[in-house]
Amino acid sequence: MLEIKFVRQNLAEVQAALAARNDKADLDAFMEADEQRRVILQEMEALRHRRNVVSDQIADMKKKGENAESLVLEMRDVSARIKALEGDLAGHEETLQGILVTLPNLPHASVPVGRDETENVPFKQVGNPPTFDFPPQAHWDIGEKLGILDLERAAKITGARFPLYFGMGARLERALINFMLDIHTTEHGYTETLPPFIVNRTSMTGTGQLPKFEADLFKLENWDYFLIPTAEVPVTNIYSGDVLDEERLPVYCTAYTPCFRSEAGSYGKDTRGLIRQHQFNKVELVKFAHPEHSYAELESLLENAETILKRLEIPYQVITLCTGDLGFSAAKTYDIEVWLPAQDKYREISSCSNFEDFQARRANIRYRRKGRKGTAYVHTLNGSGLAVGRTFAAILENYQEADGSVRIPEALQPYMGGLKKIEPAT
RNA sequence: GGAGAGAUGGCCGAGUCGGCUGAAGGCGCUCGCCUGCUAAGCGAGUAUAGGGUCAAAAACUCUAUCGAGGGUUCGAAUCCCUCUCUCUCCGCCA
């Protein structure tokens, strides 16, 4: 969320940022409600002040045994007036809040301006796509033939876009989760967490999924609870409402969770395979950082995520999202895209963002400044480290052999009980 | 699901029959003094948010906030109602 004062004083800048994001909002309604709010507030506070003063007076008179009846009668009217004003004020504040929570974050100055994903800017490329002396198969074909992936039975159990891993497939998925968590906790200094997979409306609003994107979420019937679309939501909200000591920053947390997304509006996209599922596994990285260091923290967060692909020796590229492709809460985002031979292109496997104080303001996550008065909002960051299902797909496609078997990347072999290759049952 | 207890500032904790209680006391923290160093001791300070004055900051001032929301009242941390959460006991359960 943007600060109300900032919006009031920088209307043009906010308007320009909205345009760069292909977004818009009724800022006239905002200014109108803001103005009204302050007019009412002033009258109301003046009346409250009078009531406070007179109430003390009444107390004094009663103590002395004097008759305060006329003052009591007057205050009765004043209180009624205050109550009426409170109602008006609440109306305007609701309007203001309603607009404020739907305003996206301002892009950082270093974010390239662009209309949509076609104008994202390449940042770096690591590794070279492998060459095959046979036509590489898609991961769903490889997986089905090896008997380690059974999307048809998953559809029977639930419906389209749910995974069923089998045998060494389930083992490989679990190995990847452990591999990623081990690296982030032992080498990158993240604290492992295992948060709830269902969260309330307040948490979803805190990280920015709500109120605008409710259609993307799975909601529990009869409860105001939602299945998490990413561990970002429960993990960022670990410190909602808290005031952290400055010397504790930065705080690093990692979490493995399943993620649930309705994928509303994506019918016909990636209909096959593991790329776009309603349920998938992800290891997430979350940072609570000092505002002065958050962009350095974004770079190291990106490196932490990249490390996984480097160790697995899978080629990838990193792009900087342009203003038009930036997520609602993000000020800057790098996407890591992994090479998928069967698709002959790079596909997103991680998204690393700095949200600056946007989420911290919504979720009220602050720190106490050493030697200075008051508190300030922390900066929050997060990134996938990595999406496990897509990593699984990338291994199958990049490490496939002509006979349909799949080699296990060396770094992962200890997590697979020393297995070097998943081979077709003969 | 049934019965009961509770929710106060960064933390702990006090608030009598509703009336200078934004809130005693303690801890912590900051600054100063003291002290070979450290510790202890002494003194002062130490919530957040929103308005107003102001170009702005500082400063001053007003208002709100004692889990959340509503009610009673001239006046509510204190009384009433609803909800949420925590704890204890019983039941059920992985």
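Reference entry: report on the structure contained in this document. (Residues numbered from 1 in each chain as written. Chains lettered and ligands numbered in written order. Predicted model: local features only at pLDDT ≥ 70, side-chain atom pairs only at ≥ 80, totals over all residues. Heavy atoms only, no water.)

1. Quick look at the side chain of Arg 362
Structurally, Arg 362 can be placed in helix H11 (residues 358–363). Here Arg 362 sits buried without a salt bridge, and the closest side chain of opposite charge, Glu 232, lies 9.7 Å off (N-O distance). When near neighbours in sequence (up to four residues on either side) are disregarded, Arg 362 contacts Met 1, Val 101, Thr 102, Thr 205, Gly 206, Gly 208, Leu 210, Pro 211 and Phe 328. (Helix = DSSP H or I, 4+ residues; strand = E, 2+ residues; numbered from the N terminus. Buried < 20%, exposed > 50% of the residue type's maximum accessible area, 1.4 Å probe, protein only. Lys, Arg positive; Asp, Glu negative; His and termini not counted. Salt bridge = Lys/Arg side-chain N within 4 Å of Asp/Glu carboxyl O. Contact = heavy atoms within 4.5 Å.)

2. Side note on the nonpolar core
Ranked by size, the top nonpolar core spans 52 residues in total, and within it Leu 176, Phe 392 and Leu 412 carry the most contacts. No other element matches the eight residues that helix H7 (residues 168–186) contributes to this core. In contact with Phe 392, other than residues within four places in its own chain, are Ile 148, Leu 149, Tyr 165, Gly 169, Leu 172, Glu 173, Leu 176 and Leu 274. Core analysis: the next-biggest nonpolar cluster, separate from the first, contains 17 residues, Leu 2, Ala 17, Leu 27 and Phe 358 among them. (Core = buried A, V, L, I, M, F, W, Y, C linked by side-chain atoms within 4.5 Å.)

3. Looking at the packing of H7 against helix H12 (residues 388–398)
Look at H7 against H12: their axes get within 10 Å of each other, and the N-to-C directions meet at 115°. The element H7 and its partner H12 pack so that their crossing is right-handed. Counted together, Gly 169, Leu 172, Glu 173, Leu 176, Ile 177 and Met 180 of H7 and Val 388, Gly 389, Thr 391, Phe 392, Ile 395 and Leu 396 of H12 form the full contact between these two elements. Taken together, the residues that form the contact of H7 with H12 break down as eight nonpolar, three polar and one charged. (Axes fitted to C-alpha atoms, helices over the stretch in contact; angles between N-to-C directions. Left-handed = near helix turned anticlockwise from the far one by under 90°. Nonpolar A, V, L, I, M, F, W, Y, C, P; charged D, E, K, R; others polar.)

4. Description of unusual backbone geometry
A cis geometry characterises the amide bond from Leu 210 onward to Pro 211, with omega recorded as 5°. You can see Pro 211 is positioned in the loop between helix H8 (201–207) and strand S4 (225–227). Phi angles above zero are rare outside glycine, and Glu 313 is one such case at about 55°. Within the secondary structure layout, Glu 313 lies in the loop between helix H10 (294–312) and strand S8 (316–320).

5. Things to note about the packing of aromatic side chains
Tallying each qualifying case throughout the model produces ten aromatic pairs. Judged by centre distance (5.0 Å) and plane angle (25°), the rings of Phe 123 and Tyr 334 are stacked. Taken together, the residues Phe 123 in strand S1 (residues 121–126) and Tyr 334 in strand S9 (residues 332–340) connect sequence positions 211 residues apart. Classification of Phe 123 as partly exposed rests on a relative accessible area of 40%. Stacked on the ring of Phe 226, the Lys or Arg Lys 219 has its end atom at 5.6 Å from the ring centre. (Phe/Tyr/Trp six-rings, centres within 6.5 Å; stacked < 30°, edge-to-face > 60°. Lys NZ or Arg CZ within 6 Å of the ring centre and 35° of its normal.)

Purely geometric numbers; function is a separate question.
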